[in-house]
Structure formats: C-alpha cells, structure tokens
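# Coordinate inspection notes
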Amino acid sequence: LMQLSVPLNFIGFIYREIRQGLTDIEHMFDLLDVKQEVVDKPAAKALAIGQGKVEFRDVHFAYDPQRPILKGISFEVPAGKTVAIVGPSGAGKSTISRLLFRFYDVQSGSILIDGQDVRDVTQETLRAAIGMVPQDTVLFNDTIAYNIRYGRPGATDEEVRRAAEMAQIGPFIEHLPEGYKAMVGERGLKLSGGEKQRVAIARTILKAPPILMLDEATSALDTHTEQEIQAALDLVSRGRTTLVIAHRLSTVISADEIIVLKDGLIAERGTHSSLLHHGGLYASMWARQREASEAEERLRIARATD
Ligand code: ATP
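Residues numbered from 1 in each chain as written. Predicted model: local features only at pLDDT ≥ 70, side-chain atom pairs only at ≥ 80, totals over all residues. Heavy atoms only, no water.

## A look at the sheet that holds strand β5 (residues 116-117)
- Strands sit in the order β2-β1-β4-β5 across an open sheet of four strands; the sheet is antiparallel. Only two strands of the sheet have a single partner each, and these edge strands are β2 (70-77) and β5.
- Helix α2 (residues 93-100) rests against β1 (54-61), β2 and β4 (108-113) of the sheet, and its axis sits at about 115° to β1. (Pairing = 2+ DSSP bridges. Helix = DSSP H or I, 4+ residues; strand = E, 2+ residues; numbered from the N terminus. Contact = heavy atoms within 4.5 Å. Axes fitted to C-alpha atoms, helices over the stretch in contact; angles between N-to-C directions.)

What follows is the structure, given as structure tokens:
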C-alpha cells in the first residue's frame, strides 16, 4: 500500500498544481472580463508606436444591442498627458478601458493609437504597448519577486528591487522574513488590496509601456495607503500617455483633462478646478465624496482612540 500511496500523492500534487494554474488563468480572464470574440484581420500589422497618442472618435458601443452603453464618445489623450474618466457607477468607465485593449470592437466610430485604428493592428502588439494597473491584481502562487518580474520576465533582481522601491512596496517586502522570496497568492501570504495594487504598479514599471491605463480600485483605502499609491502612480505615469478610470475622485485632481460620463455621453469635461467652478455633476460628486471620506476618517479616528 505504501508503494501505491507515493505515486498517488504525487498525482494529487500534480493535479492541484494544474488546477491552480487554470484557476489563475480563469481569474485573469474574469478580471479583464474577456470574451475571445475579437480576431486579428488577416492583413493586421504591428502597431507602430510613436509618442502614444490615444483618440476615441464618436465611439458607440453596447454589450447587448438592446442596451447602448456608449452613445458617441470623443476625446483625445495627447502623448504624455493624463486624462481621467469619472462618472456614476455603471456609466461605462471600465468599458472604455476594455475597448482600448480591444477586448470588444466598437459598433461605430473608431479608436486610434498614433493614428492607427486598433482594429487594423495585431492584438499582441496593441496589448504590448499598453500597461494596465487593474482594479484587482491577480497574484500567482509564487514568490513576490516572480509576481513583480511578470511585467518583464527578463528583468534582473536589481531591476525588480528598484521597481518595487518606485512602487512604494520595497520596505514592505524587505520586512518580510523571506523578503523577495516570500510566497504570495492563494497558498502564500495574503496581500491587502493596496499591497496588490503596488505589486501591479511595480510590474508596470518593469514593462515600461508607452501607454498606461489605471483602473482604480473601487474599494476605499485608508488615507495613508492612498497617498502612497498616489505617489507611486504619479511616478509611473510621468511622461506617459495615461488614461485613468477613476472610481474615487482623489486621483484625478492633477489630470490634464477630466471627462465626466453620464448615460453613455460626455456630460462635462475640463480640469478639476474648472469643473468645480462650473458647479455641475462633477462638483456635486466631489462634494458627496468629500463628505463620505471625512465621515470615514472621523470613524477611523474614533475607533483608534477607543
Ligand atoms: P463602476 O464605477 O461601477 O465600476 P463603470 O462605469 O466602470 O462602473 P462598466 O463596467 O463600464 O461601468 O459597465 C457599464 C455597463 O455595462 C454596466 O451597466 C454593466 O452592467 C454593463 N456591462 C459591463 N460588462 C458587461 C458585459 N460583459 N456584458 C454585459 N453588460 C456589461
């Protein structure tokens, strides 16, 4: 019986490894909300990336033809600039990021990168040009170094370390008993939402893409974590064309332009101060969010002093 149990254990081990691998991939697809329905044109070319200008021209889109989500959206992210998309929940903010990645095709209108329609280039070169810091980062069941290096598998230990420092997660890792060799993911150390986001930022720093897309976490982070993440994001987006999908409003203050989506259309656009001055939807969202975060902060202080 002993002789049999060893190979059986081994088979069990292999089975669990494979299952976990599949789960990781499934997670990733869930996360990105991907349906493999978009294919490259036979004549698709490699994306010729220049400065990395992004343009949405009169984009119409629906997941279900009965229910239009975007009803004519036009905006431009000039090379090296930052545009933030804000708006009520369900307005279509994350949809904009999925369309830029070409997980879906637009119904009409077009999306261009440096003048090239995303439908005319290979998906591989398109996705290689865009770095994504998603809402919820998938961690592999491996070391934290492996998870960061995923951004550029050829990166040296020193480059991984430097990326972690820039992403403001270096000190956290160095305090772990096993440092960069610490296992993370389902079977290892569980990282908080803010820590996972910084791993994603470190990955993106290694990938060094010309275009950056930040899909900000919906969940509230404490003020200190939020400031650390903000500092890391400011570093990584400097000089890169950046599209921020903002669920909270604190990250958008310094954006070159803020686009306010509502009911599938652009309701308002401008800088933070011009939109506040305008006193419309953005100004009221801002006021509401401030009240909510002040109340949360008071609650935190009250709990801490109890
Ligand atoms: P939030 O701030 O809550 O994340 P959002 O503005 O990012 O919202 P989207 O995720 O872009 O909103 O979704 C826009 C609308 O499209 C929502 O009503 C949503 O239910 C719908 N939707 C999103 N993904 C799909 C999908 N794969 N199939 C069908 N409908 C979808």
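Having seen the model, we can carry on.
## Describing α2
- In terms of burial, α2 is largely enclosed, as eight of its eight residues are buried.
- For α2, every residue scored as buried is listed here: K93, S94, T95, I96, S97, R98, L99 and L100.
- Remark: R102 follows α2 within two positions and exhibits a positive phi of approximately 60°. (Buried < 20%, exposed > 50% of the residue type's maximum accessible area, 1.4 Å probe, protein only.)

## What about the site of the ligand?
- Close contacts around the ligand come from 15 residues, with R67, S89, G90, K93 and T95 the closest.
- For the ligand, an oxygen atom lies 3.1 Å from a polar atom in the backbone of A91.
- Take K93: an N or O atom from its side chain is 2.8 Å from an oxygen atom of the ligand.
- Computed on the free molecule, the ligand has an accessible area of 640 Å², of which 71% lies beneath the protein chains in the complex.
- Per-class residue counts for the shell around the ligand are five nonpolar, six polar and four charged. (Near = heavy atom within 4 Å. Polar contact = N/O pair within 3.5 Å; in protein donor to acceptor, adjacent residues only side chain to side chain. Areas by Shrake-Rupley, 256 points an atom, 1.4 Å probe, with all protein chains shown as cover. Nonpolar A, V, L, I, M, F, W, Y, C, P; charged D, E, K, R; others polar.)

## Structural notes on helix α10 (residues 281-305)
- End to end, α10 covers 36 Å across 25 residues, agreeing with the expected 36 Å (1.5 Å per residue, within 8%).
- By the burial criterion, the buried members of α10 are L281, Y282, A283, M285 and W286.
- For α10, the elements touching its buried residues are β3 (82-86), β9 (257-262), β10 (265-270) and α9 (272-278). (Expected span 1.5 Å × (residues − 1).)

## Digging into the side chain of T143
- Considering the arrangement of structural elements, one finds T143 in the loop between β6 (130-133) and α4 (144-149).
- A polar atom in the side chain of T143 sits 3.0 Å from the backbone nitrogen of Y146.
- In contact with T143, other than residues within four places in its own chain, are Y180, K181, A182, M183 and V184.

## Looking at the nonpolar core
- If you look at the biggest cluster of nonpolar residues, it comprises 41 residues, and the most contacted ones within it are V86, I144, I148, I201, I258 and Y282.
- When contributions to this core are tallied by element, the ones reaching two or more residues are β3, α4, α5 (157-166), α7 (193-207), β7 (211-215), α8 (223-237), β9 and α10.
- The element best represented in this core is α7, accounting for six residues.
- Discounting residues that sit within four places of it in the chain, I258 has contacts with A84, V86, V252, E268, R269, G270, T271, H272, L275 and Y282.
- Among the nonpolar cores identified, the runner-up in size contains 33 residues, and V59, V77, V118 and V121 belong to it. (Core = buried A, V, L, I, M, F, W, Y, C linked by side-chain atoms within 4.5 Å.)

## A short note on the pattern of salt bridges
- One pass over the structure, following the stated rule, counts 14 salt bridges.
- E76 serves as the salt-bridge partner of K53, at 3.9 Å between the closest nitrogen and oxygen. A residue pair is termed long-range when its members are at least 10 positions apart, and K53 in the loop between α1 (2-32) and β1 and E76 in strand β2 qualify at 23 residues.
- Under the relative-accessibility criterion, E76 is labelled partly exposed at 35%.
- Notably, a salt bridge pairs R161 with E158, separated by 2.9 Å at the nearest N-O pair. Linking R161 with E158, this pair stays in helix α5, spanning three residues, or about one helical turn.
- In this structure E158 comes out as partly exposed when scored by relative accessible area, which is 37%.
- Ionic contacts of the salt-bridge type, sharing partners, join the residues K53, E55, R57 and E76 into one network. (Salt bridge = Lys/Arg side-chain N within 4 Å of Asp/Glu carboxyl O.)

## Digging into the environment of Q230
- Structurally, the position occupied by Q230 is in helix α8.
- Classification of Q230 by relative accessible area gives buried; the value is 18%.
- Q230 sits 63 residues away from A167 along the chain, and the two C-alpha atoms are 9.7 Å apart.

## Re the sheet that holds strand β8 (residues 241-245)
- One open sheet holds the six strands; their spatial order is β6-β7-β8-β3-β9-β10, and the pairing between them is mixed. Of all the strands in the sheet, just β6 and β10 have a single pairing partner and so form its edges. Neighbour to neighbour, the strand axes of the sheet diverge by 20° on average, direction disregarded.
- As paired strands, β3 and β9 are joined by four bridges and run parallel to one another. Residue pairing across strands places I85 opposite I259, the latter belonging to β9.
- Across the sheet, α2 lies against β3, β6, β7, β8 and β9, angled at about 145° from β8, the strand it touches most.

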